[in-house]
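Working through the structure, step by step
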Amino acid sequence: TLIKGCGLEKDLQKALELFHEMTSEGVPHNAITYNSILEACVKCNDLTVAEGLLEEMLSSDSSVEPDLITFSTIIKGYCYAGYLEKALKTLESIKSRGLHCDELVYNTLIDGCVKACDIDTGVRVFEEMIAAGLRPSTVTHGILMRLHLRAAAEDEANDAVA
């Protein structure tokens, strides 16, 4: 979509103009439209706008339900910006809505723990991923290795992927 293209170009202003133009032209938004504008917000590091859009989706008069991609995008934004607690609260929102997290959500959260040097939370998120029946990939193991290394625990890093 055009909105997605604007996001790739990190032109949030133009993406928002297109998003609002749809409304003025009577074109309804759907989950794909919202997810595209949220991704643009994250790429442009404007989480305030992203949070407002999510609130709009969550409002009782919205006809668009946020999906796993919606929440995953918000989590990615929070983790990149260093807002690990907000990312973890979003994880709880996913679960409370009956959605099932995928490997991408867990990997993003564990990576957020790497950035925050929060090894305990990273390990807890990894354990939750395993308990949910998801199998860690080489990407997951790489993130775990960085988590342990970042926390200056080289021995634990080797054990984590053994």
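First, a word on scope: everything that follows refers to the structure included in this document. Worth saying up front: this structure is predicted, and the values here are computed from it rather than measured. (Residues numbered from 1 in each chain as written. Predicted model: local features only at pLDDT ≥ 70, side-chain atom pairs only at ≥ 80, totals over all residues. Heavy atoms only, no water.)

1. Comments concerning the overall build of the protein chain
This is how the line gets drawn: Secondary structure follows DSSP: runs of H or I at least 4 residues long count as helices, runs of E at least 2 residues long count as strands, and numbering of each begins at the N terminus. Between buried and exposed lies partly exposed: a residue is buried under 20% and exposed over 50% of the maximum accessible area for its type, with that area taken using a 1.4 Å probe on protein chains only. We call two residues contacting when some pair of their heavy atoms lies within 4.5 Å.
Within the protein chain one finds ten helices and zero strands. Overall, the protein chain shows an N-to-C arrangement of helices and strands of α-α-α-α-α-α-α-α-α-α. Taken along the three principal axes of its C-alpha coordinates, the protein chain extends 60 × 30 × 25 Å. Buried positions account for 43% of the 162 residues belonging to the protein chain. For the protein chain, contacts bridging at least 24 residues in sequence account for 56% of all contacts bridging at least 6.

2. Section: the packing of helix H7 (residues 103-116) against helix H9 (residues 138-150)
For any two helices packed against each other, the geometry comes down to the angle between their axes and how far apart the axes lie. Worth spelling out the cut-off: Helix axes are fitted to C-alpha atoms over the stretch in contact, other axes to C-alpha atoms as well, and angles between N-to-C directions run from 0 to 180 degrees. Throughout this description, any angle smaller than 35 degrees is read as roughly parallel, any larger than 145 degrees as roughly antiparallel, any in the 65 to 115 degree range as roughly perpendicular, and the remainder as oblique. Each crossing is labelled by how the near helix is turned from the far one, with a counterclockwise turn of less than a right angle marking it left-handed and a clockwise turn marking it right-handed. In this classification, Asp, Glu, Lys and Arg are treated as charged, Ala, Val, Leu, Ile, Met, Phe, Trp, Tyr, Cys and Pro as nonpolar, and every other residue, Gly included, as polar.
It is at 9 Å that the axes of H7 and H9 come closest, and there the two elements cross at 15°. Relative to H9, the element H7 lies roughly parallel. In the packing of H7 onto H9, the handedness of the crossing is left-handed. Where H7 approaches H9, its residues Glu103, Asn107, Ile110, Asp111, Cys113, Val114 and Lys115 are matched on the opposing element by Val139, Thr140, Ile143, Leu144, Arg146, Leu147 and Arg150. Along the lines of polarity and charge, the residues of the contact of H7 with H9 split into seven nonpolar, two polar and five charged.

3. Quick word on the pattern of salt bridges
What counts, and what does not: Here, a salt bridge means any Lys or Arg side-chain nitrogen found within 4 Å of an Asp or Glu carboxyl oxygen.
Inspection of every chain in the model, using the stated rule, returns eight salt bridges. Linking Glu128 and Lys95 is a salt bridge whose minimum nitrogen-to-oxygen distance equals 2.8 Å. Of this pair, Glu128 sits in helix H8 (residues 119-131) while Lys95 sits in helix H6 (residues 84-96), and the two are 33 residues apart along the sequence. Overall, Lys95 belongs to the partly exposed group, its relative accessible area being 34%. In this structure, the salt-bridge partner of Arg146 is Asp111, at a minimum N-O distance of 2.4 Å. Placement of Arg146 in helix H9 and of Asp111 in helix H7 is noted, with a sequence separation of 35 residues between them. Using a relative accessible area of 40% as the deciding quantity, one classes Arg146 as partly exposed.

4. Points about the environment of Glu55
Structurally, Glu55 is set in helix H4 (residues 47-58). Given the relative accessible area of 52%, Glu55 is considered exposed. Spatially, the C-alpha atoms of Glu55 and Pro66 are 9.8 Å apart, while their sequence positions differ by eleven residues.

5. Remarks on the nonpolar core
What counts here: By nonpolar core we mean a set of buried residues, namely Ala, Val, Leu, Ile, Met, Phe, Trp, Tyr and Cys, connected to one another through side-chain atoms within 4.5 Å.
Membership of the largest hydrophobic core comes to 45 residues, with the highest contact counts inside it found for Ile37, Val105 and Leu109. Not counting residues within four places of it along the chain, the set of residues in contact with Leu109 comprises Ile75, Cys79, Leu84, Ala87, Leu88, Leu91 and Val125.

6. Details of the packing of aromatic side chains
Definition in use: Aromatic contacts are taken between Phe, Tyr and Trp rings whose centres are within 6.5 Å, Trp giving its six-membered ring; a plane angle under 30 degrees counts as stacked, one over 60 as edge-to-face, and the others as tilted. Ring-over charges, as used throughout, are those where CZ of Arg or NZ of Lys falls within 6 Å of the ring centre and within 35 degrees of the ring normal.
The tally for this structure, following the rule as stated, stands at one aromatic pair. Ring centres 5.2 Å apart and planes at 70° place the aromatic pair Phe19 and Tyr34 in the edge-to-face group. Placement of the pair is Phe19 in helix H2 (residues 12-24) and Tyr34 in helix H3 (residues 31-43), with a sequence separation of 15 residues. For the cation-ring pair, Lys86 lies above Tyr83, with the distance from its terminal atom to the ring centre recorded as 5.4 Å.

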